[in-house]
Each structure stands twice: as C-alpha cells, then as structure tokens.
Number of protein chains: 2
Amino acid sequence: MDNIHPIFERMQGREDKERQLGQRGLTIWFTGLSGSGKSTLAIALERRLSERGILCRILDGDNVRTGINRGLGFSDEHRRENIRRIAEVCRLFIDTGVVVLASFVSPNESLRAMARDIIGEQDFVEVYVSTSFEECCRRDVKGLYQKALRGEIADFTGVTSAYEPPTSPLLSIDTEGRSIEECVEEIERVVINKITL
Amino acid sequence: MDNIHPIFERMQGREDKERQLGQRGLTIWFTGLSGSGKSTLAIALERRLSERGILCRILDGDNVRTGINRGLGFSDEHRRENIRRIAEVCRLFIDTGVVVLASFVSPNESLRAMARDIIGEQDFVEVYVSTSFEECCRRDVKGLYQKALRGEIADFTGVTSAYEPPTSPLLSIDTEGRSIEECVEEIERVVINKITL
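As a starting point, this report considers the structure included with it. For every chain, the first residue of its written sequence is number 1, and the numbers climb from 1 along that sequence. Key to labels: chains lettered from A, ligands numbered from 1, both in the order written. Under the rules for a predicted model, residues below a pLDDT of 70 receive no local features and side-chain atom pairs below 80 are neither given nor counted, while totals for whole chains, interfaces and linings still include all residues.

**Some remarks on the overall build of chain A**
Alright, step 1. Within chain A one finds eight helices and five strands.
Alright, step 2. Along chain A, helices (α) and strands (β) appear in the sequence α-β-α-β-α-α-β-α-β-α-α-β-α when read from the amino end.
Alright, step 3. Rg of the C-alpha trace for chain A: 18 Å, near the compact-globule value of 16 Å for 197 residues, within the 12% margin.
Alright, step 4. C-alpha extents for chain A along the principal axes are approximately 70 × 35 × 25 Å.
Alright, step 5. Our exposure labels follow a C-beta count within 10 Å of each residue's own C-beta, placed from the backbone: buried means 20 or more other C-beta atoms, exposed means 12 or fewer, and partly exposed covers the counts in between. Every one of the 197 residues in chain A was classed for burial, and the buried ones make up 45%.
Alright, step 6. Across chain A, the fraction of contacts at a sequence separation of at least 24, relative to all contacts at a separation of at least 6, is 77%. The helix and strand labels rest on DSSP assignments: H or I over at least four residues marks a helix, E over at least two residues marks a strand, and numbering proceeds from the N terminus. The globule rule used for comparison is 2.2 Å times the number of residues to the exponent 0.38, while the radius of gyration itself is calculated over C-alpha atoms. In this description, any two residues whose backbone-derived C-beta atoms lie within 7 Å of each other are considered to be in contact.

Put into structure tokens, the structure is as follows:
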C-alpha cells in the first residue's frame, strides 16, 4: 500500500447503491397518535413493496428504543435526541439505497421538521395517520390509553400532552372504517414513483 | 382496520431480507491504528463485493461522527457510547441483510467485545489491520501522528494511549509492502462463505 491515491479510493455513493438495488432510497415517515395504525400500515406497506422487489427497513419504537436509543427517556430533550438519531439512521439507509418506513408518534412539528432537515426535504415523505383520538382510545391495543387516563403514564400524547397534526403531509390517512389493504394501496400509489428508478 | 390480528402483522425478518438480497447479513469489523489502512481496505472490499452483487454499507468515523454520533467526544465514556451506537446500527443493517464494513480504531478489547456482544458472535468478523506504528507514522496521511507527537492531540492511540491488539481476530493483515488488491483478496477469501447463502 505504498501508493495511496485517496482521490480514487472513494466509498461507493448512494447512486451506486440505488443502481445496484434498482430503486431509490427514501424515508416514509408515519406520524400519528399511539394506536392510530402507523406500524400496521408500515408492515403492510413493507410486504407490498417487497413483493415488487423493493428493499425496505422498518424503524419503530420496538427496534430503536431497545437498541440505538436504549437509555433515552421521554423528557423533551430525550425525545428530541431520540428523533435526531432515528433521522441519522434513516440517512445511512437512504445512502445505502434502502426505503425506510419510520413509524413514530413524533407529536410536534418541530420534531418532524428536525427529522426532515436531517433526512433532506426530497427524501422525506410525511404520512399523517389521522385516526381520531376517540378511535385510538376505543382500540387501545396496548392498554396504554386506559393507563394514561388513569394517570399512570406521566406524559402520554393525546391524553396529557398535545399532538400537533402536520401542516402539509404528503398524505393524510384516517384508518377508521377502512381496510388495511385500502389504506396501503393509497399510500403505495402516492409513493411508488418516488421509489422506482 | 376493525380486525387487527397482531400475530399475523409481523414486520419482515432478517431471513426475508436475506432471501430478497441473496446474501447473508454480516459485520466485518476492521480494527487497527490510525493510518493502518482500515478504510482503504474497506473501500476496496466494498468494490469487490459489489461486483459480485453484494450490498454493503461502510461505516467509518466520517459518516458516523458527523451524524448519529455528532456531539460525542473522546472521553472514555463517549468512546464507549460511540462504539455502542455503531454496533446497534450494524445490527439494524444486518437485520436488513446488508454486509457492514465497519472501520474504527476501536483500540481496546473491551470496546470490541461490547461491539461483538451487541452484534452477535456469529455475525461479527474481526479483521485486525496490524500495520506497525512505525509504518503508520511514516505514512501519516492525515498529518495526525506529527500533531500527536508534538503534543497537539490530547489522546491519540499509539502515541499517548495504548492500542491493544485483538487476541483472536479471524484475520490479521499487515499492509506494509503489500498491494491493496493482495490484502483485499485475502480478506475476501476468508469472509465470502459467510456472506453467500
């Protein structure tokens, strides 16, 4: 390794990865109340996209809070750091040509604006899962609303802290009374031309 | 979304991704002194593997310290957190079926053991780039050794803090007097059967 020519020794860039995978990297960011259906939609969308041969990575509380963000709590500062790191992970996947399906309550415009800034406007698609508070309470899949309403969770979005709806999401989806398939087809129609080369 | 059956709504697992990509997820962890050739080898290996259609992601100080680990310094605690987060990012890529080429000085056995624990023994391949201190000083591509020897860098591995060589790396590579191609072919021969399905 006597003759090192750093200028030719560049790691592969995003375009190389995208060409290799035959798809464009992108982050589809699902925001909405707990129980609104974000992860359900992300999982169904992943299945549909993978049937087209598109490589996706779902990021959600389960695989992020127990891993890269282990140790972060729910203070304002930690919520911000939580979203910041998630957005940086999204960037690494986008630079590998992968489509990230990010499913996070991300209740404030400022949190989502930070994610958009880090990820980059053109690579960030916001999907607002707008299922109502009443419907989320009724579903209460994880029993969290009952707990929060009993005062057993200090800071729970929709109950003890506010959810600020996005001002201009690419898509708003209210899942109430609609099938998963119907919702996912709508999302797919809107995003597919951003993914295919 | 009236009938939610969480048990069927699982996100795709590693096996699905590996089948889709036709490769196995793995982390190849390059450790060694600054200037030993870690990143040069990672870049050359990425090129060779991608020619076989294998999707790789290089992680190094440049794309990690300016992103997910922005704000971390070089105290013992921060070095540990730096490697912890990197290892968690490796896991996410492995779970997406991707081959990670991680290039970090990672000077202590305890740091590398933590990375191995998080990533998982069977998914962690350690490559020790054993180029000597003298040779790294002589190359001094970034001028860091000169600076460190002048006392201008507080804590620089090999000068003011020790480098502990790995006790049982899968491979040791001394790059002195060898071509990049020769070194990379050797690495490829050793790792390829861990990547191909």
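**Details of unusual backbone geometry**
Residue and element names in this part refer to chain A.
Alright, step 1. Unlike most non-glycine residues, S106 shows phi in positive territory, near 35°.
Alright, step 2. In this fold, S106 is placed in the loop between strand 3 (99-103) and helix 5 (109-119).
Alright, step 3. Residue S106 is classed as buried on the basis of its C-beta count, with 27 C-beta atoms lying within 10 Å.

**Observations concerning the environment of B:E15**
Alright, step 1. Tracing the backbone through its elements, the reader meets B:E15 in helix 1 (residues 14-21).
Alright, step 2. Spatially, the C-alpha atom of B:E15 lies 35 Å from that of B:G71, the residues being 56 residues apart in sequence.

**Remarks on the nonpolar core**
Alright, step 1. We call a set of buried Ala, Val, Leu, Ile, Met, Phe, Trp, Tyr and Cys residues a nonpolar core when their C-beta atoms link them within 7 Å. Grouped together as the largest cluster of nonpolar side chains are 105 residues, with contacts concentrated most on A:V89, A:V99, B:I28, B:V89, B:V99 and B:A102.
Alright, step 2. When sequence neighbours within four positions are dropped, the list of residues in contact with A:V89 reads A:L59, A:I68, B:I68, B:V89 and B:L92.

**Things to note about the packing of helix 2 (residues 38-51) of chain B against helix 8 (residues 180-195) of chain B**
Residue and element names in this part refer to chain B.
Alright, step 1. For the pair helix 2 and helix 8, interaxial distance at closest approach is 9 Å and the crossing angle is 65°. The angle between helix 2 and helix 8 falls in the class roughly perpendicular. Once helix 2 is placed against helix 8, the crossing between them reads as right-handed. Only I180, C183, V184, I187 and E188 of helix 8 make contact with helix 2, whose side of the interface consists of T40, L41, A44, L45 and R48.
Alright, step 2. Here the residues of the contact of helix 2 with helix 8 are counted per class, giving seven nonpolar, one polar and two charged. Here the axes come from fitting lines to C-alpha atoms, over the contacting stretch only for helices, and the angles between their N-to-C directions go from 0 to 180 degrees. In these notes the angle categories are as follows: under 35 degrees is roughly parallel, over 145 is roughly antiparallel, 65 to 115 is roughly perpendicular, and the rest is oblique. Here a crossing is called left-handed whenever its near helix is offset anticlockwise from the far helix by less than a right angle, and right-handed whenever the offset is clockwise. Only Asp, Glu, Lys and Arg are considered charged, only Ala, Val, Leu, Ile, Met, Phe, Trp, Tyr, Cys and Pro nonpolar, and every remaining residue, Gly among them, polar.

**Focus on the packing of helix 4 (residues 76-94) of chain A against helix 5 of chain A**
Residues and elements named next belong to chain A.
Alright, step 1. The contact between helix 4 and helix 5 brings their axes to 9 Å, and the two run at 25°. The pairing of helix 4 with helix 5 is recorded here as roughly parallel in orientation. With respect to the hand of their crossing, helix 4 and helix 5 are arranged in right-handed fashion. Residue-level contacts link R79, R80, I83, R84, A87, E88, C90, R91 and I94 of helix 4 to L111, M114, A115, I118 and I119 of helix 5.

**A word on the sheet that holds strand 1 (residues 26-31) of chain A**
Residues and elements named next belong to chain A.
Alright, step 1. At least two bridges found by DSSP between two strands are what make those strands a pair. Sheet architecture is open: five strands sit in the order 2-3-1-4-5, paired in parallel fashion. Only two strands of the sheet have a single neighbouring strand rather than two, namely strand 2 (56-60) and strand 5 (171-173). Going across the sheet, the axis of each strand differs from the next one's by a mean of 20°, ignoring polarity.
Alright, step 2. Those strands touched by helix 5 are strand 1 and strand 4 (124-129), and its axis lies near 155° from that of strand 4.

**So, the interface of chain B and chain A**
Alright, step 1. The interface of chain B with chain A comprises 30 residues on the first partner and 30 residues on the second.
Alright, step 2. The element that contributes the greatest number of residues to the side of chain B that touches chain A is helix 4 (residues 76-94) of chain B, accounting for five residues.
Alright, step 3. Classifying every residue of the side of chain B that touches chain A by side-chain character gives 13 nonpolar, nine polar and eight charged.

**A few points about the environment of B:V98**
Alright, step 1. Inspection of the secondary structure assignment puts B:V98 in the loop between helix 4 and strand 3 (99-103).
Alright, step 2. For B:V98, a count of 28 C-beta atoms within 10 Å puts it in the buried group.
Alright, step 3. Spatially, the C-alpha atom of B:V98 lies 4.7 Å from that of B:G25, the residues being 73 residues apart in sequence.
Alright, step 4. With sequence-adjacent residues up to four places away left out, B:V98 is seen in contact with A:T96, B:G25, B:L55, B:C56, B:R57 and B:F93.

**A closer look at the sheet that holds strand 5 (residues 171-173) of chain B**
Residues and elements named next belong to chain B.
Alright, step 1. On the basis of which strands lie adjacent, the open sheet formed by five strands has the order 2-3-1-4-5 and parallel pairing. Edge positions in the open sheet fall to strand 2 (56-60) and strand 5, since each of these has one partner strand only. Geometrically, the sheet is characterised by an average inter-axis angle of 20° between neighbouring strands, direction not taken into account.
Alright, step 2. Relative to strand 3, strand 2 runs parallel, the two being bridged by five bridges. Along strand 3, the bridge assignment pairs L59 with A102.
Alright, step 3. Sitting on the sheet, helix 4 is in contact with strand 1 (26-31), strand 2 and strand 3, with an inclination near 160° to strand 3.

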